Amino acid sequence: VRVHQAVRKGQILISGLIGSEDPQGNRAAVVAEGTVRGLVMYEYHLEMPLVLQRKVYTGESYKRGYAVIGNRGIQVTGYGKPEYAQQEILAERTGIAWRGYKLPFGWLTETVMETRTAEERLTVEDARNIAVQQAAADLIAKVGADAGIVTQKILHEAVDNGKVYIKALFEVEQSIVAERAIIPEIIEQGD
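Quick notes on the rules
Position numbers for residues start from 1 in each chain and track the written sequence from start to end. Two thresholds apply to this predicted model, a pLDDT of at least 70 for residue-level local features and 80 or more for giving and counting side-chain atom pairs, whereas whole-chain, interface and lining totals are computed over all residues. Neither water nor hydrogens contribute to the side-chain values; these are computed over all heavy atoms in the structure. The helix and strand labels rest on DSSP assignments: H or I over at least four residues marks a helix, E over at least two residues marks a strand, and numbering proceeds from the N terminus. Burial status follows relative accessibility: with a 1.4 Å probe on protein chains alone, a residue under 20% of its type maximum counts as buried, one over 50% as exposed, and anything between as partly exposed. Contacts between residues were defined by any pair of non-hydrogen atoms, one from each residue, lying within 4.5 Å. Whether two strands pair depends on DSSP finding at least two bridges between them. Angles shown run from 0 to 180 degrees and are taken between the N-to-C directions of axes, each axis being a line fitted to C-alpha atoms and, for helices, limited to the stretch in contact. Whenever a nitrogen or oxygen atom comes within 3.5 Å of another N or O atom, the pair is scored as a polar contact, on the condition that within protein one atom can donate a hydrogen and the other can accept it, and that pairs from neighbouring residues in sequence are kept only if both atoms are in side chains. Each salt bridge in this description consists of a side-chain nitrogen of Lys or Arg and a carboxyl oxygen of Asp or Glu lying within 4 Å of one another.

Asker: Looking at this model, I keep getting lost on the environment of V112. Mind explaining?
Answerer: Structurally, V112 is set in strand β7 (residues 101–121). The buried category is assigned to V112, whose relative accessible area is 0%. Between the alpha carbons of V112 and K102 there is a distance of 27 Å; along the sequence they are 10 residues apart. In this view, V112 contacts E60, S61, Y62, R64, Y84, Q87, E88 and I89; residues no more than four positions away in its chain are not counted.

Asker: Looking at this model, I keep getting lost on the sheet that holds strand β3 (residues 37–49). Mind explaining?
Answerer: Think of a sheet as strands paired side by side through backbone hydrogen bonds, with each pair either parallel or antiparallel. Spatial strand order, β3-β9-β8: three strands in an open sheet with antiparallel pairing. Every other strand in the sheet has two partners, leaving β3 and β8 (148–160) as the edge strands with one partner each. When the angles between neighbouring strand axes are averaged without regard to direction, this sheet yields 15 degrees. For β8 and strand β9 (residues 163–175), the ladder comprises 11 bridges, and the chain directions are antiparallel. Residue T151 lies in a different strand from β9, and its bridge partner there is E171. Of the strands in this sheet, β3, β8 and β9 touch helix α1 (residues 124–143), which is tilted by about 140 degrees from β3.

Asker: Would you mind going over the environment of E119 with me for this structure?
Answerer: Tracing the backbone through its elements, the reader meets E119 in strand β7. Placed 65 residues apart in sequence, E119 and R54 show a C-alpha to C-alpha distance of 6.5 Å. Ignoring anything within four residues of it in the chain, the contact list for E119 reads V51, L52 and Q53. For E119, the side chain forms a polar contact with the side chain of Q53, separated by 3.3 Å.

Asker: Is there a simple way to explain the sheet that holds strand β6 (residues 87–98) in this structure?
Answerer: Within the open sheet, the four strands sit side by side as β5-β4-β7-β6. Their pairing is antiparallel. Pairing within the sheet leaves two strands with one partner each, and these edge strands are β5 (72–77) and β6. Taking the axes of each pair of neighbouring strands and ignoring which way they run, one obtains an average angle of 40 degrees across the sheet. Relative to β7, β6 runs antiparallel, the two sharing 11 bridges. Counterpart to G95 in the pairing with β7 is G106.

Asker: Mind showing me how you'd approach the pattern of salt bridges here?
Answerer: Between side chains of opposite charge, a pair can form as their charged atoms come close. Within this structure, the stated rule accounts for 10 salt bridges. Residues E110 and R64 are paired through a salt bridge, measuring 2.9 Å at the closest nitrogen-oxygen approach. Of this pair, E110 sits in strand β7 while R64 sits in strand β4 (residues 51–69), and the two are 46 residues apart along the sequence. Among the residues examined, E110 registers a relative accessible area of 14% and is labelled buried. It is possible to trace a salt-bridge network through shared partners that takes in R37, D146 and E173.

Asker: Help me understand the side chain of E110 in this model?
Answerer: A polar side-chain atom of E110 sits 3.3 Å from a polar atom in the side chain of Y66. Apart from the residues lying within four places of it in its own chain, the contact partners of E110 are Y62, K63, R64, Y66, I89, L90 and A91.

Asker: I tried to follow unusual backbone geometry on my own but got confused; where do I start?
Answerer: A negative phi angle is the norm for most residues apart from glycine, just as the trans form is the norm for most peptide bonds. With a phi close to 50 degrees, R99 is a non-glycine residue in the positive phi region. Mapped onto the elements, R99 comes out in the loop between β6 and β7. If you check the backbone angles, N161 has positive phi at about 55 degrees while not being a glycine. With respect to the secondary-structure elements, N161 resides in the loop between β8 and β9.

As far as function goes, none of this settles anything; it's purely spatial.
Right under this line is the structure:
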């Protein structure tokens, strides 16, 4: 194949067979090496709500301390503190070691942080941009960091029930190498 020529999946682009194509001729298998990059199309169906709900920390928090023996804990500090309607708890365990041996007791500190749900209203254009950016990041994560998005096109866009629905097409330049073993019978058959 030549540069800018369309190829199909499974088509041989670099061969490890050298010699005569004639079935009676000499043919040998060698180690073939090369880099093959191609433009691959990916179609994404995206949806993004026009109202985003996010967890936000209010800044209110307190700590609770536990003495830990094995996998059991006894609360030592942090009594009488309020329970928040929405909260997140971060735990940090500190163990005790002596002469390189980890002992079965230690200290657990829980940080209880108050949270609330904040709503952010988006315009259709902002929702579209966020959805396309998330799809592009997902695509690069799937195909590899050495790939690059050449073009992105929105094929269809609709707004319904507080969501933006998008059909997008991404053209990605990526490595399309798939190594295959050379089977000895193929050499003998001349195919």
